Every structure is written in C-alpha cells, then in structure tokens.
Amino acid sequence: MYINRILIHQCCGPCSIYPIVKILESKLFTPVLYFYNPNIHPLQEFYKRLEGSIQVAKKLEVEYYFDEDYDVKFFINKVINNIEERCSTCYELRLEETFIKAKSLNISTVTSSILYSKMQKHDMVLKIGKEMSVKYGIDFYYEDFREGWQEGIDISKDMEIYRQNYCGCIFSEEERFKNQLKKKYKFEERV
Ligand code: SF4
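This one's a predicted model, so the numbers in the text were calculated from it and none came from an experiment.

Undergrad: Whenever I open this one, the overall build of the chain confuses me. Can you help?
TA: Of the regular secondary structure elements, the chain holds seven helices and five strands. Element order for the chain, N to C, with α for helix and β for strand: β-α-β-α-β-α-α-β-α-β-α-α. Whereas a compact globule of 191 residues would reach a radius of gyration of roughly 16 Å, the chain reaches 17 Å, a difference of no more than 12%. A principal-axis box enclosing the C-alpha atoms of the chain has dimensions of 70 × 40 × 30 Å. Put simply, 79% of the contacts in the chain that link residues at least 6 apart link residues at least 24 apart.

This is the structure in structure tokens:
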C-alpha cells in the first residue's frame, strides 16, 4: 500500500470503478471511498446505488465509508429555489461533505467519481473542487476520468454492478423519462 491516501467521493458503483482502478495503477495514492449522495431519489434507487458502490469497494478491496441517511428534505430544500441551476448546488454539497469527511479521516487529497461521467457538467465539478480545496486546505486531485468511459462500463458489466438510467434527483428522472412515457402510454381523455 502507498502512503498517501485519497478520498474518492463515490457517486455510484459504476462511475467509481475507472477512477479507483486508475488511481491504484498510478501508485500515487491509496484510494479510500466515500458515498455521500442525498441527491438520489427515491429511496429504493438510493439503496440500489449504495449497494452497488459497496460491491465495487469490496471487489476492488478498497477501504470505504458511506452516509446511509436518506436526507431528501435537505436536498430538496437546497435546490428548490433554483431548479434549473440545481446541479451546481448538488455538486457543491456532495463535494463539501467529502472534504469534511477527508478532514475527519486525516486525508489530504480528495477527488470525485463524478469526473468520470460524460453525462455530468465536468468543468463545473472541477471548479467547485478547486474552490473547496481552498476552503478546506485539502488538495483536489483532478484527472479527466472520462477517458476511461468505455473501460468503466465494461468492467461494471463484468462485475454485474447495478447501472442506473438517470442522473439521480427526482427532476432528472422526469427529464429522462417524460417524453418516453408520454409516447408509450398515449392516454386520451374521454369526453
Ligand atoms: S441532475 Fe444530477 S447532478 Fe443535477 S441536481 Fe440532479 S442529481 Fe444532481
């Protein structure tokens, strides 16, 4: 094991695989995982993703921590006044909690598996990571993990890790399925 530990914010199992593998291969850090995602709704989905994250940690033999509180009220209260711009708040609160966790674990570097996903606002995550780094005096490790997009998908399928089909919050679920469901059901009113 390497001396420096890095706390990887784990947004879900599949997205965390490539960053963990890459960091293990680099031999720069010993990865430690932290699942903190109050953005994931509903509760059954939250547990599926938590379970997948823990399965990844166990299969890759990495130390892991998680926050099992399903704080839906906290998340909704944070984003409700600006639904359109909610992602920056969502990244901020998840990364901030990761920096706080790193401090409590005496870990001096943080990163996030959100940097792996091609679906996320990558530059926004990086900007917030840098801001949190200044605020907490803890390094933010940046790497464009999107380069391993297909590799991560392939490994997650081999490992049979649950793969979600929407970002996480209730609003993203609506955006993802609204048109699809309208087309599927084609309900008509009876007058
Ligand atoms: S769309 Fe995704 S990143 Fe944006 S607020 Fe919802 S869960 Fe968070």
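Undergrad: Hey, could you run me through helix H5 (residues 122-136) in this one?
TA: An α-helical segment advances 3.6 residues per turn. Residues three or four places apart therefore align on the same side. Spanning 15 residues, H5 covers 21 Å between terminal C-alpha atoms, matching the ideal 21 Å at 1.5 Å per step. Within the span of H5, buried status applies to His122, Val125, Leu126, Ile128, Gly129, Met132, Ser133 and Tyr136. In an axial view of H5, the angular spread of the buried residues amounts to 170°, which keeps them on one side of the axis. Set apart from the buried face of H5 by more than 90 degrees, the exposed residues are Asp123, Lys127, Lys130, Val134 and Lys135. Where the residues of H5 are buried, they touch helix H4 (86-105) and strand E5 (139-140). Looking one or two residues beyond H5, the residue adopting positive phi is Gly137, at roughly 65°.

Undergrad: When you look at H4 in this model, what are you seeing that I'm missing?
TA: In this model, H4 (20 residues) spans 29 Å end to end at C-alpha, consistent with the 28 Å of a helix rising 1.5 Å per residue. Taken together, the buried positions of H4 are occupied by Arg86, Cys90, Tyr91, Leu93, Arg94, Leu95, Glu96, Thr98, Phe99, Ala102 and Leu105.

Undergrad: Please explain the site of the ligand as it appears in this structure.
TA: Taken together, the neighbourhood of the ligand is formed by Asn39, Arg86, Cys87, Cys90, Tyr91, Arg94, Gln120, Cys167, Gly168, Cys169 and Ser172. Among the cavities detected, the one that contains the ligand is the largest pocket. Among the elements that take part in the shell around the ligand, H4 stands out by supplying five residues, more than any other. The residue makeup of the shell around the ligand, split by class, is five nonpolar, four polar and two charged.

Undergrad: What is the right way to look at the sheet that holds strand E3 (residues 63-66) in this model?
TA: Two strands in a sheet stick together by hydrogen bonds in their backbones, pointing the same way (parallel) or opposite ways (antiparallel). Sheet architecture is open: five strands sit in the order E3-E2-E1-E4-E5, paired in parallel fashion. Looking along the sheet, the strands with just one partner apiece sit at the ends: E3 and E5. When strand E2 (residues 30-35) meets E3, the two strands line up parallel, connected through four bridges. Bridge pairing links Val32 to Glu63 in E3. Helix H1 (residues 13-26) rests against strand E1 (5-9), E2 and strand E4 (109-112) of the sheet, and its axis sits at about 160° to E2. Taken strand by strand, H4 contacts E1, E2, E3, E4 and E5, and its axis lies near 150° from that of E1.

Undergrad: How do you make sense of the pattern of salt bridges when you look at a structure like this?
TA: Between side chains of opposite charge, pairing is possible as soon as their charged atoms come close. Summed over the entire model, instances satisfying the criterion amount to eight salt bridges. Where Arg49 meets Glu45, a salt bridge forms, and the shortest distance between an N and an O atom there is 2.7 Å. Of this pair, Arg49 and Glu45 both sit in helix H2 (residues 43-59), four residues apart, which is roughly one turn of the helix. Across this residue pair, the class does not change: Arg49 and Glu45 are buried. In this structure, Glu174 and Lys178 form a salt bridge, with 3.5 Å as the shortest nitrogen-oxygen distance. With Glu174 and Lys178 both in helix H7 (residues 170-185) and four residues apart, the pair spans about one turn of that helix. The exposure class of Glu174 is partly exposed, given its relative accessible area of 40%. Residue classification places Lys178 among the partly exposed positions, given a relative accessible area of 42%.

Parameters and conventions
Residues numbered from 1 in each chain as written. Predicted model: local features only at pLDDT ≥ 70, side-chain atom pairs only at ≥ 80, totals over all residues. Heavy atoms only, no water. Helix = DSSP H or I, 4+ residues; strand = E, 2+ residues; numbered from the N terminus. Rg over C-alpha atoms; globule rule 2.2 N^0.38 Å. Contact = heavy atoms within 4.5 Å. Expected span 1.5 Å × (residues − 1). Buried < 20%, exposed > 50% of the residue type's maximum accessible area, 1.4 Å probe, protein only. Arc of directions from axis to C-beta. Near = heavy atom within 4 Å. 1 Å grid on protein atoms, 1.4 Å probe; cavity = no way out; pocket = protein on both sides within 12 Å on 5 of 7 lines; lining within 4 Å. Sits in = over half its atoms within 2 Å of the grid points. Nonpolar A, V, L, I, M, F, W, Y, C, P; charged D, E, K, R; others polar. Pairing = 2+ DSSP bridges. Axes fitted to C-alpha atoms, helices over the stretch in contact; angles between N-to-C directions. Salt bridge = Lys/Arg side-chain N within 4 Å of Asp/Glu carboxyl O.

Distances and angles like these do not, on their own, reveal function.
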